[in-house]
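Residue-level listing of the chains:
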Amino acid sequence: GESAADIETAIPQKRLQPPRGGFNLCVLVGNVNVVVDKKRVDQSRVRLAEVEIGDETGTVSLRARDEQIDLLQEVSKRSGAVVLRNCTLELYQGKHIRLAVTKWGKLSLYPDNVASTPAPPSKMNLERNFSLIDLSIVAREMADTSAVADPYGTKQQAKGPELDQGSGSSSARASP
């Protein structure tokens, strides 16, 4: 039968919302853009990359570190797929989403020989990059349209001092 782990593995990107963690995804790998490559004071090397990953619903940026970058560059060259286990969704610049695989997560090549891993997506929709969406604008637009979406004010009925504190008789209210 299906366990909770089997069901939880296949989450389309359109359901990703920050800040959350615990996502298990099988995604295609696109461009790998190294944004930091420098030596620390102790001479150890630190590298960071923004990696385009995606499925049929669109793409999202993945923040990769050090040896993760080597694996992702190799997979990108052959347009392959990777499996992200327990990855986290973070908000950067206070308004954009990106995925990251922390020390609590795992990045591996597909196939990873785990029975519950879904098949990789057939293609990557490059027309929709979820990491380019400014969520502060989306939130503002959602707040502005809530009055339009609720023309009868039904969502505001249960709050505030406008509740009928009188005789308890509700028969005086007109029914719609």
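Everything numeric here is computed off the predicted structure, so don't read it as measured data.

Let's shift gears to the overall build of the protein chain. Helix and strand content of the protein chain: three helices and six strands. Going through the 176 residues of the protein chain one by one, you find that 34% of them count as buried. Across the protein chain, the fraction of contacts at a sequence separation of at least 24, relative to all contacts at a separation of at least 6, is 61%. Carbon and sulfur atoms provide 52% of the accessible area of the protein chain, an area that totals close to 11,600 Å².

With that settled, consider helix 2 (residues 67–77). Three or more residues of helix 2 are buried, namely Gln68, Ile69, Leu72 and Val75. Seen along its axis, helix 2 keeps its buried residues to an arc of 130°; they face one direction. For helix 2, the exposed residues set more than 90 degrees away from the buried face come down to Glu67 and Lys77. Just past helix 2, the residue Ser79 takes up positive phi, approximately 50°.

This paragraph deals with the packing of aromatic side chains. Counted under the stated rule, the structure contains zero aromatic pairs. Taking NZ or CZ as reference, Arg98 lies 4.3 Å from the ring centre of Tyr92, over its face.

Time to look at the nonpolar core. Counting 22 residues, the largest nonpolar core has Val51, Ile53, Leu62, Leu72, Val82, Leu84 and Leu99 as its most contacted members. Cys26, Ala81, Val83 and Met124 belong to the second largest nonpolar core, which has five residues in total.

A full pass over the atoms with the stated rule returns eight salt bridges. For Asp37, the salt bridge goes to Arg45, with nearest N and O atoms at 2.9 Å. Since its relative accessible area comes to 46%, Asp37 is described here as partly exposed. As a salt-bridge pair, Glu74 and Arg78 come within 3.0 Å of each other at their nearest N and O atoms. The class for Arg78 is partly exposed, based on a relative accessible area of 44%.

Further remarks concern the side chain of Ser108. Note that Ser108 resides in strand 6 (residues 106–109). Overall, Ser108 belongs to the buried group, its relative accessible area being 13%. Beyond its immediate sequence surroundings of up to four residues, Ser108 is in contact with Val82 and Val83.

For the rest of this paragraph, the subject is the environment of Ser79. Examined against the element boundaries, Ser79 turns out to sit in the loop between helix 2 and strand 4 (81–92). Counting along the chain gives 45 residues from Ser79 to Met124, while the straight-line C-alpha distance between them is 10.0 Å. In this structure, Ser79 is in contact with Leu28 and Val29, ignoring residues within four places of it in sequence.

Turning to the environment of Asp55, a few remarks are in order. Here Asp55 lies in strand 2 (residues 45–55). Judged by its relative accessible area of 8%, Asp55 falls in the buried class. Distance from Asp55 to Met124, taken between C-alpha atoms, is 4.4 Å for residues 69 residues apart in sequence.

Calculation criteria
Residues numbered from 1 in each chain as written. Predicted model: local features only at pLDDT ≥ 70, side-chain atom pairs only at ≥ 80, totals over all residues. Heavy atoms only, no water. Helix = DSSP H or I, 4+ residues; strand = E, 2+ residues; numbered from the N terminus. Buried < 20%, exposed > 50% of the residue type's maximum accessible area, 1.4 Å probe, protein only. Contact = heavy atoms within 4.5 Å. Areas by Shrake-Rupley, 256 points an atom, 1.4 Å probe, with all protein chains shown as cover. Arc of directions from axis to C-beta. Phe/Tyr/Trp six-rings, centres within 6.5 Å; stacked < 30°, edge-to-face > 60°. Lys NZ or Arg CZ within 6 Å of the ring centre and 35° of its normal. Core = buried A, V, L, I, M, F, W, Y, C linked by side-chain atoms within 4.5 Å. Salt bridge = Lys/Arg side-chain N within 4 Å of Asp/Glu carboxyl O.

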